Amino acid sequence: MGGRIFSGVQPTGNLHLGNYLGAIRNWVALQEQYESIFCVVDMHAITMPPWEPEALRAHTREVTAAYIAAGIDPQRCVIFVQSHVAAHAQLAWVFNCVAAIGWLNRMTQFKDKAGKDREGAMAGLYVYPVLMAADVLAYRATHVPVGEDQKQHLELMRDIAGAFNRRYDVDFFPLPEPLILGTATRVMSLRDGRAKMSKSDPSDNSRINLTDDADTIARKVRRAKSDSEMGLSWEPERRPEAANLLNIYAALAEEPREAVVERFAASSFADFKGTLADLAVARLAPIAGEMRRLLADPGHIDAILRAGAERAEAIASDNLAQVYDIVGFLRR
Ligand code: TRP
């Protein structure tokens, strides 16, 4: 085994192709090489509106179903819900006393998400990356598969781990390495090749949801935005839509992008989209079907999450007890 990985997805609804190709799909291969812990980070999901308790419960089960349907094996890996293991919040408090305000002020994602009304943003949104550091370091994980957009949070996590070790003169936490994987870490909107595929885009045609059925997947691919040039080419700046679809094809086919670009250089956009639609249906429709099957039995999903929480808890509570000793909290 090459170490321990930890990663997580927020249960915010509308899981889409970007979440799958950018994150979950890569974890399936990693579970063979690493001891793997995959979390549904519900505590992160309440840092932003909408605050909808019933939807949060449904989305938490949906993300769990997506993990399993994509091929993550709940026997081999630990799959669990963040709020089920108290050590995340407890360690986050300790880290709030390690991370300097100046470090948090540099986080570009906070600035983006807080928008213009920074004074009105929740304190939880501000310390979001501290909780994320606690997620990973509660397990002393060595590697973190994440998308490009989380790189800065990983840097902060390493700063926190290093500052803790130095302050208390210990070698307790590893400095976790990011694993940025896959050809399609950035999947763009099907309606606009310059915008990221997003759960919050008002147009459902802009994304392929992991729960879309075969007809919907095919229709969205066939209606994806294209340009009027002959043939396909890899020119992301000039032809962002063509680049996005070629990228998606390469990722779904698990082929090098160059080979895909060469193969479709002389195809019409319409023919290429037809081929891509077939491929997308072949790869994604079975996952949607399996998700539907799993979600029909919430009791089964909850049982998997309970078992996962027990295994996670065993590791995290032991590490937390050591942290409490290191910082000088009196033993109970
Ligand atoms: N911030 C991550 C995202 O939005 C989700 C996340 C929370 C996470 N805790 C984590 C990812 C720990 C990796 C490790 O994608």
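Note that the coordinates shown come from a computational prediction; the quantities given were computed from them, not determined experimentally.

(A) Here's a closer look at the domain arrangement of the protein. Each assigned domain of the protein is listed here: domain 1 (4-184 + 297-327) and domain 2 (204-293). Domain 1 and domain 2 are separated by 30 Å when their C-alpha centres are compared. On the domain 2 side, the residues contacting the 15 residues of domain 1 number 15 residues. Of the roughly 1400 Å² buried at the junction of domain 1 and domain 2 (both faces included), carbon and sulfur atoms supply 70%. Where domain 1 packs against domain 2, one counts one salt bridge. Note that E254 is salt-bridged to R25, the shortest N-O span being 4.0 Å. At the surface where domain 1 touches domain 2, the tally comes to three residue pairs in polar contact (both at pLDDT 80 or more). Secondary-structure elements contributing two or more residues to the side of domain 1 that touches domain 2 are helix 1 (17-33) and helix 3 (53-70). Per-element tally for the side of domain 1 that touches domain 2: the top contributor is helix 3, with five residues.

(B) Just the pairing of strand 2 (residues 35-40), in detail. Of all the six residues making up strand 2, five are buried; the element is thus mostly covered by neighbouring parts of the structure. As judged from the six bridges shared by strand 1 (residues 4-9) and strand 2, these two strands associate in the parallel manner. Looking at strand 2, one finds that F6 is bridged to I37. Pairing of strand 2 with strand 3 (residues 78-81), which is carried by four bridges, proceeds in the parallel orientation. Each residue of the ladder has a partner; that of I37, found in strand 3, is V78.

Reading the values: rules and limits
Residues numbered from 1 in each chain as written. Predicted model: local features only at pLDDT ≥ 70, side-chain atom pairs only at ≥ 80, totals over all residues. Heavy atoms only, no water. Domains from an automatic or database assignment. Contact = heavy atoms within 4.5 Å. Buried area = accessible area lost by both parts, 1.4 Å probe. Salt bridge = Lys/Arg side-chain N within 4 Å of Asp/Glu carboxyl O. Polar contact = N/O pair within 3.5 Å; in protein donor to acceptor, adjacent residues only side chain to side chain. Helix = DSSP H or I, 4+ residues; strand = E, 2+ residues; numbered from the N terminus. Buried < 20%, exposed > 50% of the residue type's maximum accessible area, 1.4 Å probe, protein only. Pairing = 2+ DSSP bridges.

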